[in-house]
Amino acid sequence: MEPRNLFLTNSPESSNDCEDNPTRNRGFSKRGDNDLDPDECMQRTGGLFGSRRPALSGTGNGDTSQSRSGSGSERDSWKSEAEGGESSDTQGPKVTYIPPPPPEDEDSIFAHYQTGINFDKYDTILVEVSGHDAPPAILTFEEANLCQTLNNNIAKAGYTKLTPVQKYSIPIILAGRDLMACAQTGSGKTAAFLLPILAHMMRDGITASRFKELQEPECIIVAPTRELVNQIYLEARKFSFGTCVRAVVIYGGTQLGHSIRQIVQGCNILCATPGRLMDIIGKEKIGLKQIKYLVLDEADRMLDMGFGPEMKKLISCPGMPSKEQRQTLMFSATFPEEIQRLAAEFLKSNYLFVAVGQVGGACRDVQQTVLQVGQFSKREKLVEILRNIGDERTMVFVETKKKADFIATFLCQEKISTTSIHGDREQREREQALGDFRYGKCPVLVATSVAARGLDIENVQHVINFDLPSTIDEYVHRIGRTGRCGNTGRAISFFDLESDNHLAQPLVKVLTDAQQDVPAWLEEIAFSTYIPGFSGSTRGNVFASVDTRKGKSTLNTAGFSSSQAPNPVDDESWD
Ligand SMILES: Nc1ncnc2c1ncn2[C@@H]1O[C@H](COP(=O)(O)OP(=O)(O)OP(=O)(O)O)[C@@H](O)[C@H]1O
C-alpha cells in the first residue's frame, strides 16, 4: 500500500508535495457589406503587439504561408491535421512561415503580471504526496539552494513565494525522482519543473552546445499546442537568462528549416510539439543520448488518443534513454485514472504523485455560472453578456473551427472587436490573433479547445463556454484561463439540454467541490441522468483518486476510456 501523506502547505512543521476549409483560411464567408474577417477587424484596431509582455515567437513577418495541408474537414483526424506540412514527405504546400524572434530586452523577458489577492490562499490547500521516500517540501526559494543567477531571475520574474505545487515538486525533482504532479490551473506548474531542471544543469556545468552538427539537448519538454510550447520556451528563456543554458522552441506551422537553424545554434532545453519534434528526430537534427529530463506538460492530453502514440514513439526512438536512465516529469491540472495508468509506462515504478487539492478540480478563484441556453439562443445571449462585460478580456470557447470563424464574424458585425484562434488558421494568423488578444487590441478571442490548456494571458477576466466541451477535464482547463495565480475570474457556460446532459453530473461535482452555486435545474438533470456506479471513484467521474497505483479501471480496446478518447471534432492541428 503506498504511503499517503496529507499536508497543509503553510504550516512550518509540514514537512513532506485551433475546419472545414482546406485552403488558406480567410476566416469565413463574406456576408453583406458589414462582414468583417476577424483579421480585418483586428487590422481596424491596427498594430501588432504592445510592449509589455514578450510577444509570441511569431508575429507575422516573412510569411508567405500557403494553405494548410490536411483534409480541412471539421472531422479531420487529429493525426493528419497535427502533422500537416510537417515533414518534407507530407502532401500539401510547403510551410514557409518564420516567426520573428521575441523581444530580447530584459524588461520584455521578465515582464510579468501581479499575483492576485488570493495568492496566499494557496497555502490552505491540502496537498497529498504518495509514493515512497518523498523528500520534504520546501517553504521558501532559499531552501531550494539554487544558484545566484537563478535566484536573481526568480526575483526579476516577481516571484517571492512558492506555490504549493512548487513547494513539493522542486525538492522531488532536485532529488532526481520521477514525478506526476496535479495542481489547479494557474498555480505555477511551469516554474515547478523548469527551476529544478535548470538548477541541475547549473550544478552539472552544462556548456552551451553551439554550432555542433548534431545537437544533443539535455532536456525535452513537450506540450499539446504550438502557443503553449512557445510560452514554456519563453519561461525557460527567462529563468535561464544570464546562464550558458540555451533554450530552443520548435513547432508545426513554421518553416522546418527555421526550426533546424534554431537548433544547430545550440540546444540544451528543447520545447517542442510532438509532430515537429518527431520530424527533427527523424532528420537526425538532434541526438537523444544526452537526454536527462523528459517533461510532459498537460500530460493527460499528451497521453490520450491524440498524442499518446507519438509519445510512445518518442520514448522508443534510438538513443532515447530508458525510463530508468532519465528523469520523467508529468504535469497537469487534470489526470484521469486511466491516463495515470498509461503514464506508468513512461515513469519509473517509484515515481512520486503530488496532488494539490482535488485531482481535476477547478480553480476556486473562478466564479462559475451555468446557464440553460438552447443552440438558437446562444448568439443573442453571448452579445448580451459581452455588451455588459465591455472591454474586459474575454475568451469565448466554441466546439468547432467553423463555428469559431462564424461567431467571430458575427461579433465583428455587432461591432465587438473580436479575433479568433483555431487549428485551420495559419500559424502567423494564430500568433497575430493571440498577440492582439494578449495586448488588448481585440478584447474578445473566440477559440476552440486549441486554446483551452496552459495559455497564461494577463487579465483574462472572463471565459464563456458558448459550447461546453465534450469532457469535464477540458471544462476545467478552459475556465482556468482566468483566475490565475491568485487573481479572480468569471466563467459562464451555456448548457444546451439537447447536447450537454452527459456533463450534468461531472459539472455538478466540479461546481460543488469548488464551492460554487449549483442551479437546481442542473442538479435535477444530473440525478435524472444518473450513471450507475458513478460515485466519484470510477472512470467518467470528475476526480481521479489521488494515486491510481491502488485501484483498477476499464479501458477501451485502444487503451483509453471511452470518456477520455478526445472527440475528433475537438482535435485539430494542435502541433
Ligand atoms: N511563485 C510564483 N509567484 C508569482 N507568480 C508565479 C509563481 N509561480 C508562477 N507564477 C506565475 O503564475 C502564472 C501561472 O503559471 P503557470 O502558467 O505555470 O500555471 P500552470 O499551473 O502551468 O497553469 P495551467 O494549468 O493553466 O497550465 C504565470 O504568469 C507565472 O509566471
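A quick note: this is a predicted structure, and the numbers were derived from the prediction, not measured.

**Student:** What should I look at first to understand the site of the ligand in this one?
**Tutor:** Among the 21 residues in the neighbourhood of the ligand, the closest are listed as Tyr 159, Lys 161, Lys 189, Asp 456 and Arg 484. Between the ligand and the protein, one listed contact pairs an oxygen atom with a backbone N or O atom of Gly 186 at 2.8 Å. Separating an oxygen atom of the ligand from a backbone N or O atom of Ser 187 is a distance of 3.1 Å. Coverage of the ligand by the protein chains reaches 96% of its 640 Å² of free accessible surface. Broken down by class, the residue content of the shell around the ligand amounts to four nonpolar, ten polar and seven charged. No fewer than three residues from each of domain 1 (106–356) and domain 2 (366–529) sit in the shell around the ligand.

**Student:** Any chance you could explain the pairing of strand S9 (residues 352–356) here in plain terms?
**Tutor:** Put simply, side chains in a regular strand alternate between the two faces of the sheet. Of all five residues that make up S9, five are buried, and the element is covered over most of its length. Here S9 shows a buried face lined by Leu 352, Val 354 and Val 356 and a second buried face lined by Phe 353 and Ala 355. Where strand S2 (residues 126–130) lies against S9, four bridges are found, and the strand directions are antiparallel. Bridge pairing links Glu 128 to Ala 355 in S9. Alignment of strand S3 (residues 179–182) against S9, held across four bridges, turns out to be parallel. Looking at the pairing, Ala 181 lines up with Val 354 of S9.

**Student:** Hey, could you run me through the domain arrangement of the protein chain in this one?
**Tutor:** Reports of interface size often rely on the accessible area that becomes lost once the parts have come together. Domain boundaries in the protein chain define domain 1 (106–356) and domain 2 (366–529). Taking only C-alpha atoms, the centre of domain 1 and the centre of domain 2 are 28 Å apart. At the interface, 26 residues of domain 1 touch 22 residues of domain 2. When domain 1 packs against domain 2, close to 2,100 Å² is buried across both sides, 52% of that on carbon and sulfur atoms. Here domain 1 is connected to domain 2 by three salt bridges.

**Student:** In this structure, what is going on with the side chain of Gln 184? I would like to understand it.
**Tutor:** Looking at the element boundaries, Gln 184 is found in the loop between S3 and helix H6 (189–204). Here Gln 184 falls in the buried class, since its relative accessible area comes to 12%. Residues contacting Gln 184, with those up to four places away along its chain left out, are Tyr 122, Ile 125, Lys 189, Ala 333, Val 356 and Cys 363.

**Student:** How should I be thinking about helix H17 (residues 504–513) in this particular structure?
**Tutor:** In an α-helix there are 3.6 residues to a turn, and that puts residues three or four apart on one side. Buried residues dominate H17, accounting for seven of its ten residues. Taken together, the buried positions of H17 are Ala 504, Gln 505, Pro 506, Leu 507, Val 508, Val 510 and Leu 511. The elements touched by buried residues of H17 are strand S10 (366–372), helix H16 (472–479), strand S15 (489–495) and helix H18 (520–528). Backbone geometry just after H17 places Gln 515 at a positive phi near 55°.

**Student:** Help me understand the confidence of the model for the protein chain in this model?
**Tutor:** Taken over all residues, the pLDDT of the protein chain has a mean of 83, while the share at 70 or more is 76%. Predicted confidence for residues 535–543 stays below pLDDT 50, and this span has 31 contacts to residues more than four positions away or in other chains. Reported confidence for the predicted complex is 0.99 by ipTM and 0.83 by pTM.

**Student:** Just checking my understanding: could you explain the pairing of S3 for this structure?
**Tutor:** Residues Leu 179 and Ala 181 point to one face of S3 and Met 180 and Cys 182 to the other, with burial holding for every one of them. Note that S3 and strand S8 (residues 327–332) share four bridges and pair parallel. Bridging across to S8, Ala 181 finds its partner in Phe 331.

Rules and cut-offs
- Residues numbered from 1 in each chain as written.
- Predicted model: local features only at pLDDT ≥ 70, side-chain atom pairs only at ≥ 80, totals over all residues.
- Heavy atoms only, no water.
- Near = heavy atom within 4 Å.
- Polar contact = N/O pair within 3.5 Å; in protein donor to acceptor, adjacent residues only side chain to side chain.
- Areas by Shrake-Rupley, 256 points an atom, 1.4 Å probe, with all protein chains shown as cover.
- Nonpolar A, V, L, I, M, F, W, Y, C, P; charged D, E, K, R; others polar.
- Domains from an automatic or database assignment.
- Buried < 20%, exposed > 50% of the residue type's maximum accessible area, 1.4 Å probe, protein only.
- Helix = DSSP H or I, 4+ residues; strand = E, 2+ residues; numbered from the N terminus.
- Pairing = 2+ DSSP bridges.
- Contact = heavy atoms within 4.5 Å.
- Buried area = accessible area lost by both parts, 1.4 Å probe.
- Salt bridge = Lys/Arg side-chain N within 4 Å of Asp/Glu carboxyl O.
- pLDDT = per-residue confidence, 0-100.

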